[in-house]
Amino acid sequence: MTSTDARPAVTTAVDGDLWRITVDRPETGNAIDPELADALAAAVEARPESARAVLLLANGPRFSVGGDVRLFAQADDPGRFVGDLADAWHRVVRAVLYCPVPVVAGIQGAVAGAAVGLIGACDIVVCARSTKIRPAYGSIGLSPDGGTSWALTRALGAPRTLDLCLTNGSLTAAEAHAAGLVARLVEDDEVHATTAALAHQVAAGPVRAMVRTRSLVRSAAIRTLEQQLDEEARLIAESAADPEGREGVRAFVEKRTPDFRGAR
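Below you will find a few notes about this structure. What you see is a predicted model; the values in this text were computed from it and never measured.

Evaluated as defined, the whole model comprises 20 salt bridges. Between Arg-70 and Asp-68 there is a salt bridge; the shortest N-O distance is 3.2 Å. On the basis of relative accessibility, which here comes to 52%, the residue Arg-70 falls in the exposed class. Asp-68 sits in the buried class, given a relative accessible area of 8%. Between Glu-254 and Arg-256 there is a salt bridge whose closest N-O contact spans 2.6 Å. Accessibility expressed as a relative area gives 46% for Glu-254, which makes it partly exposed.

Below, the structure is given as structure tokens:
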């Protein structure tokens, strides 16, 4: 039960320091089916060593409407089909969450279902002002997947997440930004260009230190202060010994702009 369209569901390209990944099923609202899930996971995992950041975009007016519910309805064994699709999508989320370089995403239009979990796994999310974010599971009698419950609870807290999910509610771009689910708001026609420029900026920085920073931030909510202090000390020492850290310190002392790209 996958798309018969000969066009790839996901395209990739090297864009300078970036590994540009574009979901390209605009005619379906970039609905998630097994083909798209497998292609997106493979795209993230295929990042070239030379790419210092991942840029994640989606073509069309909607970033993703979530799972392809038409396929759910056609499945002979819906429990197995939906469970297998969730597992395939979780491979995507894990690939993004544990990517060895920062992941910067641009979103627009509708972001629904499991796509909400995906943006929660990205490091920086640029959001078009007209975007609506909606879990939508309750409308079809399902519980969340794709890390959606994790992403929303981290941003909104349990009471607001339950309100959103149990009443089939949605978030505006402004509400998502205020809650911290997305990092930046831009005009609709600027989202792809702005996201690409930001990703290039990130790629020019100390990307290995950024990944250590991501680890600290992601784990802060589940560690005690003592545990976090220990991990901060370990990782800043690791960063200082890294060629990036050595270059950054030298550049500061020499009053010049650091060249993190050349720090190997």
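In this description, a pair of aromatic rings is defined by centroid distance and the angle of the planes. For the structure shown, the criterion picks out one aromatic pair. Over the face of the ring belonging to Trp-150 we find Arg-154, whose NZ or CZ atom lies 4.6 Å from the ring centre.

Burial analysis of helix α4 (residues 114-121) places eight of its eight residues in the buried class, which makes it a mostly covered element. For α4, the complete set of buried residues consists of Ala-114, Ala-115, Val-116, Gly-117, Leu-118, Ile-119, Gly-120 and Ala-121.

Viewed as axis vectors pointing N to C, helix α9 (residues 207-219) and helix α10 (residues 225-241) meet at an angle of 175 degrees, and their least axial separation amounts to 10 Å. As the angle between them shows, α9 and α10 are arranged roughly antiparallel. Residue-level inspection shows Ala-209, Arg-212, Leu-216 and Ser-219 of α9 in contact with α10, the latter providing Gln-228, Glu-231, Glu-232, Leu-235, Glu-238 and Ser-239. In the contact of α9 with α10, the residues fall into three nonpolar, three polar and four charged.

So, on to the pairing of strand β4 (residues 103-107). Among the five residues of β4, five are classified as buried, and the element is accordingly described as predominantly covered. Bridge count between strand β3 (residues 53-58) and β4: three bridges; the pairing is parallel. The residue bridging Val-54 from the neighbouring strand is Val-103, located in β4. Across four bridges, β4 lies against strand β6 (residues 124-128) in parallel orientation. Within the sheet, the bridge partner assigned to Gly-106 lies in β6 and is Val-126.

Taken as a whole, this structure holds zero disulfides when the rule is applied. In this model Cys-127 remains outside any disulfide bridge; the closest cysteine sulfur is found in Cys-122, 12 Å from its own. No disulfide involves Cys-165; its sulfur sits 18 Å from the nearest other cysteine sulfur, which is in Cys-127.

Strands sit in the order β1-β2-β3-β4-β6-β9 across an open sheet of six strands; the sheet is mixed. A strand with exactly one partner marks an edge of an open sheet, and here the two such strands are β1 (10-15) and β9 (184-186). Across the sheet, the axes of successive neighbouring strands diverge by a mean angle of 20 degrees, strand direction being ignored. In terms of strand pairing, strand β2 (residues 18-23) meets β3 through six bridges, oriented parallel. Bridge assignment links Ile-21 to a residue of β3, and that residue is Leu-56. Relative to the sheet, helix α1 (residues 34-45) contacts β1, β2 and β3, its axis offset from that of β2 by approximately 175 degrees.

Cut-offs applied
- Residues numbered from 1 in each chain as written.
- Predicted model: local features only at pLDDT ≥ 70, side-chain atom pairs only at ≥ 80, totals over all residues.
- Heavy atoms only, no water.
- Salt bridge = Lys/Arg side-chain N within 4 Å of Asp/Glu carboxyl O.
- Buried < 20%, exposed > 50% of the residue type's maximum accessible area, 1.4 Å probe, protein only.
- Phe/Tyr/Trp six-rings, centres within 6.5 Å; stacked < 30°, edge-to-face > 60°.
- Lys NZ or Arg CZ within 6 Å of the ring centre and 35° of its normal.
- Helix = DSSP H or I, 4+ residues; strand = E, 2+ residues; numbered from the N terminus.
- Axes fitted to C-alpha atoms, helices over the stretch in contact; angles between N-to-C directions.
- Parallel < 35°, antiparallel > 145°, perpendicular 65-115°, else oblique.
- Contact = heavy atoms within 4.5 Å.
- Nonpolar A, V, L, I, M, F, W, Y, C, P; charged D, E, K, R; others polar.
- Pairing = 2+ DSSP bridges.
- Disulfide = S-S within 2.5 Å.

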